[in-house]
Amino acid sequence: MTVSIAASGDAARAIDSVVPGLVADLVASGITAQDPELWGPDAEAEASKRLGWVEAVSVSRPLVAQIAALRESLRAEGVDHVVLAGMGGSSLAPEVITRTAGVPLTVLDSTDPAQIRAAVTTDLERTVLVVSSKSGSTLETDSQRRVYEQAFRDAGIDPTGRIVVVTDPGSALEAAAIDAGYRVFTADPTVGGRYSALTAFGLVPSGLAGADIAELLDEADAISALLSVDLDENPGLVLGAVLAGTDPLRDKIAIVPDGTHIVGFGDWVEQLIAESTGKSGRGLLPVVLHADSPEVSAALPDVQVIRLVGSREDERHVAEGEVEITGTLGGQILVWEYAVAVAGRLLGIDPFDQPDVEAAKVATRALLDDRPAPADPAFTEDGIAVSATPGLAVGTTLAEAVTGLLSELDATGYVAVQAYVDRTTNRDLETLRDALAARTRRPVTFGYGPRFLHSTGQYHKGGPATGVFLQIVADEPDDLAIPGRPFTFGQLLQAQAAGDASVLAQHGRPVLTLTTSDVRAATAAIASAVSH
């Protein structure tokens, strides 16, 4: 099955009006030929070294046998529990691949002490850790590697046979891993992290966990020929027009699973769209929803609903103004990658850089280096410390603080909930998303920190200045040391939240921060404040 797209309303009109121009401009064949001039002179330098993903299927083929051999070798030693330490595209692609395949993979993309401790104390004797980082300097991934190395040694296990590294050739991590005796897979350095699903970053952890990565590549290969040619039927051009060609622009992209066999695809698409397009004050905000989310039925004029459906053999009616997409996982990955590159051209931005992601990292590092005493909160209610960026009125109660934040929301804005908590034990927090959407009648995103910093964090700072931000930060009473570092995981988490809030404030975005040592107990109080 290839990828099928059906559209109506503004989306259908965008396809009819925009795709012929893309065909005439030879955009599809230009992307396939890795032409860096497609996005204008300002983007040419970055694009010239970020288009290797169009060749990922063929380049990655030799990896399949290598990964299978390593998996069998590990299994023969009783090692069958795969943990992935990675951030952004390095973790989100393997997560959707393995969830769709129905094979277990522990994705460790957090700095929450409780989540780290739970992972590192689970089935350690059967564990192999995959450390994925393009640059090799990602602070979260480095910290996770350190704690696992220590845990292996403490348990009398030689880390050499239990740690696998995926990185770019020539990175500091590659050199350190080789020195340590770890197995190293290198990926094409001309592929950015968010476009790396079909490279070693997506395939190594997924294949070790048991996913059929050969089939995944076959699925992508089946659509690649059509994606490379300049035809009106090219699904990459069609979807690109849907994303960035509506008039007026529907710049909130609602991703709604509705019968698809693919599990968790919205989270991967979210980082691909947000990090690629949120810059220069322009961009597309992906909003991961479910079929019953308030935004789906609200018919908001700036929201484009895209449903991920099962087979369209029943020829069911596409709702007015909506889009339906069906297809294999590998096929959809490649189609969306082409489409987002096309959307960047239509928006007049460089889809391959991420200028604002680094700002939050720098702010975090500064806070870790100086470690200033935390500022006093505006007030504390039900064990929740309430603080805000300058100029945001928070009142004297939790309900007033939430109302103060939402009063900053305008008719084109959105709410971003940022939960710096253990995401494996605090899923109840996600119900706040629908409650806020029902109250505001505006799109609401929900992201776990620091995971979202490597994806939607770019849009928050670089996209349109229409967001208001609700941080929920866990102050874990039982902290965890990071071997060889002068700070703990708890201190790192707090610095990441504070650093991001400071950068958002510098960009004129209002942030309300709620800090608690008992997230479960605080969830009900926050929900009550939202519905007040």
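Residues numbered from 1 in each chain as written. Predicted model: local features only at pLDDT ≥ 70, side-chain atom pairs only at ≥ 80, totals over all residues. Heavy atoms only, no water.

**Some details on the overall build of the chain**
As a reminder, the rule being used: Here a helix means four or more residues in a row that DSSP labels H or I, a strand means two or more in a row labelled E, and each is numbered from the N terminus. Put simply, the radius of gyration uses C-alpha atoms, and a globule should come to 2.2 Å times the residue count raised to 0.38. Burial classes: relative accessible area under 20% of the type maximum marks a residue as buried, over 50% as exposed, and values in between as partly exposed (1.4 Å probe, protein chains only). Whether two residues touch is decided by their heavy atoms; if any such pair falls within 4.5 Å, the residues are in contact. Per-residue and other accessible areas were derived by the Shrake-Rupley procedure at a 1.4 Å probe size, with only the shown protein chains allowed to occlude residues.
A tally of helices and strands in the chain yields 20 helices and 16 strands. In terms of C-alpha radius of gyration, the chain reaches 22 Å, essentially the compact-globule figure of 24 Å for 532 residues. Taking the principal axes of the C-alpha coordinates as reference, the chain spans close to 60 × 60 × 45 Å. When the 532 residues of the chain are sorted by exposure, 60% land in the buried category. Long-range pairs, those at least 24 residues apart, make up 78% of the contacts in the chain with a sequence separation of at least 6. Of the roughly 19,200 Å² of accessible surface on the chain, a fraction of 50% belongs to carbon and sulfur atoms.

**Observations concerning a nonpolar patch on the surface**
Filter applied, for reference: A residue counts toward a patch only above 30% relative accessible area and without a salt bridge, and it is joined to like-charged neighbours within 9 Å or, for Val, Leu, Ile, Met, Phe, Trp and Tyr, to nonpolar neighbours within 5 Å. Counted as salt bridges are all cases of a side-chain nitrogen of Lys or Arg within 4 Å of a carboxyl oxygen of Asp or Glu.
A cluster of nonpolar side chains, Leu226, Val229 and Leu231, forms an exposed patch at the surface whose accessible area comes to about 190 Å². By the secondary structure assignment, Leu231 is in the loop between α10 (213-227) and α11 (235-244).

**Quick word on the packing of aromatic side chains**
Aromatic ring pairs are reported here in terms of the distance separating the ring centres and the angle at which the planes meet. Short version of the rule: Centres within 6.5 Å are what make two rings of Phe, Tyr or Trp a pair, Trp counting through its six-membered ring; a difference in plane orientation under 30 degrees is then read as stacked, over 60 as edge-to-face, and the rest as tilted.
Taken as a whole, this structure holds 11 aromatic pairs when the rule is applied. Arranged with centres 6.3 Å apart and planes meeting at 70°, the rings of Phe265 and Trp336 form a pair that is edge-to-face. With Phe265 in helix α12 (residues 265-277) and Trp336 in helix α14 (residues 329-347), the pair connects residues that are 71 residues apart, well separated along the chain. Seen from their ring centres, Tyr414 and Phe469 are 6.0 Å apart, and the 85° between their planes marks the pair as edge-to-face.

**Side note on the packing of helix α9 (residues 200-209) against α10**
Quick note on the threshold: Each axis is a line fitted through C-alpha atoms, and for a helix only the stretch in contact is used; angles between axes span 0 to 180 degrees, taken between their N-to-C directions. Small angles under 35 degrees read as roughly parallel and large ones over 145 as roughly antiparallel, with 65 to 115 read as roughly perpendicular and the rest as oblique. Asp, Glu, Lys and Arg are counted as charged, while Ala, Val, Leu, Ile, Met, Phe, Trp, Tyr, Cys and Pro are counted as nonpolar; the rest, among them Gly, fall into the polar class.
Packing of α9 against α10 brings their axes to within 9 Å, and their N-to-C directions diverge by 140°. The angle between α9 and α10 places the two elements in the oblique class. Residue-level inspection shows Leu203, Ser206 and Gly207 of α9 in contact with α10, the latter providing Ile213, Leu216 and Leu217. In the contact of α9 with α10, the residues fall into four nonpolar, two polar and no charged.

**Considering the sheet that holds strand β3 (residues 106-108)**
For the record, the criterion: The pairing criterion is simple: DSSP has to find at least two bridges between the two strands.
Spatially, the five strands line up as an open sheet ordered β3-β2-β4-β5-β6, and their pairing is parallel. Since the sheet does not close on itself, it has two edges, and those belong to β3 and β6 (183-186), each with one partner. Taking the axes of each pair of neighbouring strands and ignoring which way they run, one obtains an average angle of 20° across the sheet.

**Topic: helix α15 (residues 357-370)**
Think of an α-helix as turning once every 3.6 residues; residues three or four places apart then point the same way. Threshold: Given a helix with a known number of residues, its expected span is that number minus one, times 1.5 Å.
Compared with the 20 Å implied by 1.5 Å per residue over 14 residues, the 21 Å span of α15 between its first and last C-alpha is a close match. Contacts made by the buried residues of α15 are with α7 (139-154), α12, α18 (456-462) and α19 (489-506). Just beyond α15, the residue with positive phi is Arg371, at close to 45°.

**Comments concerning unusual backbone geometry**
For the bond running from Asp247 to Pro248, omega is 0°, close enough to zero to count as cis. Mapped onto the elements, Pro248 comes out in the loop between α11 and β7 (252-258). In the Ramachandran plot, Ala299 falls in the positive-phi region, its phi being about 55° despite a non-glycine side chain. Along the chain, Ala299 falls in the loop between α13 (294-297) and β9 (303-309). Since its relative accessible area comes to 67%, Ala299 is described here as exposed. Residues other than glycine seldom take positive phi values, yet Arg441 does so here, at roughly 60°. Take Arg441: it is sitting in the loop between α17 (431-440) and β14 (444-448). With a relative accessible area of 65%, Arg441 lands in the exposed category.

**A word on the sheet that holds strand β16 (residues 511-516)**
Reading across the sheet, the six strands line up as β11-β12-β16-β15-β13-β14 and stay open at both edges, with mixed pairing between neighbours. Looking along the sheet, the strands with just one partner apiece sit at the ends: β11 (379-381) and β14. Across the sheet, the mean angle separating the axes of adjacent strands is 20° when strand polarity is ignored. Each of β11, β12 (384-388), β13 (414-420), β15 (467-474) and β16 touches helix α16 (residues 398-406); the most contacted strand, β16, lies at about 150° to it. Across the sheet, α17 touches β13, β14 and β15, and the angle it forms with β14 is around 160°.

**Structural notes on the nonpolar core**
Using the following cut-off: The term nonpolar core refers to a set of buried residues drawn from Ala, Val, Leu, Ile, Met, Phe, Trp, Tyr and Cys, joined through side-chain atoms within 4.5 Å.
Formed by 91 residues in total, the largest nonpolar core has its most connected members in Ile31, Trp53, Leu243, Phe265, Trp268 and Trp336. Here this core gets 12 residues from one element, more than from any other, and that element is α14. Once you skip the residues sitting within four places of it in the chain, Trp53 turns out to touch Ile31, Thr190, Val191, Tyr195, Leu334, Glu337, Tyr338, Ala341 and Phe352. Counting 35 residues, the second largest nonpolar core, distinct from the first, contains Ile384, Val386, Leu406 and Val444.

**Considering the environment of Glu44**
Tracing the backbone through its elements, the reader meets Glu44 in helix α3 (residues 44-47). Residue Glu44 is classed as partly exposed on the basis of its relative accessible area, which comes to 30%. Taking the C-alpha atoms as reference points, Glu44 and Ala416, 372 residues apart in sequence, are found 32 Å from one another. Discounting residues that sit within four places of it in the chain, Glu44 has contacts with Pro36 and Glu37.

**Side note on the side chain of Arg423**
Structurally, Arg423 is set in the loop between β13 and α17. Excluding residues within four positions of it along the chain, Arg423 makes contact with Glu95, Val107, Asp109, Gln115, Tyr448 and Arg451.

**Focus: the pattern of salt bridges**
Going through the model one piece at a time under the given rule, you end up with 30 salt bridges. Residue Asp478 pairs with Arg117 through a salt bridge whose shortest N-O separation is 3.6 Å. Of the two residues, Asp478 sits in the loop between β15 and α19 while Arg117 sits in helix α6 (residues 113-120), which places them 361 residues apart along the sequence. Among the ionic pairs, Arg485 bridges to Asp142, the shortest N-O distance being 3.0 Å. Of this pair, Arg485 sits in the loop between β15 and α19 while Asp142 sits in helix α7, placing them 343 residues apart in sequence. Relative accessible area serves as the criterion here: at 27%, Arg485 is assigned to the partly exposed category. Shared partners join several salt bridges into a network, and the residues in it are Glu95, Asp109, Asp267, Arg423 and Arg451.

Fair warning: the whole summary comes from geometry, so function is off the table for now.
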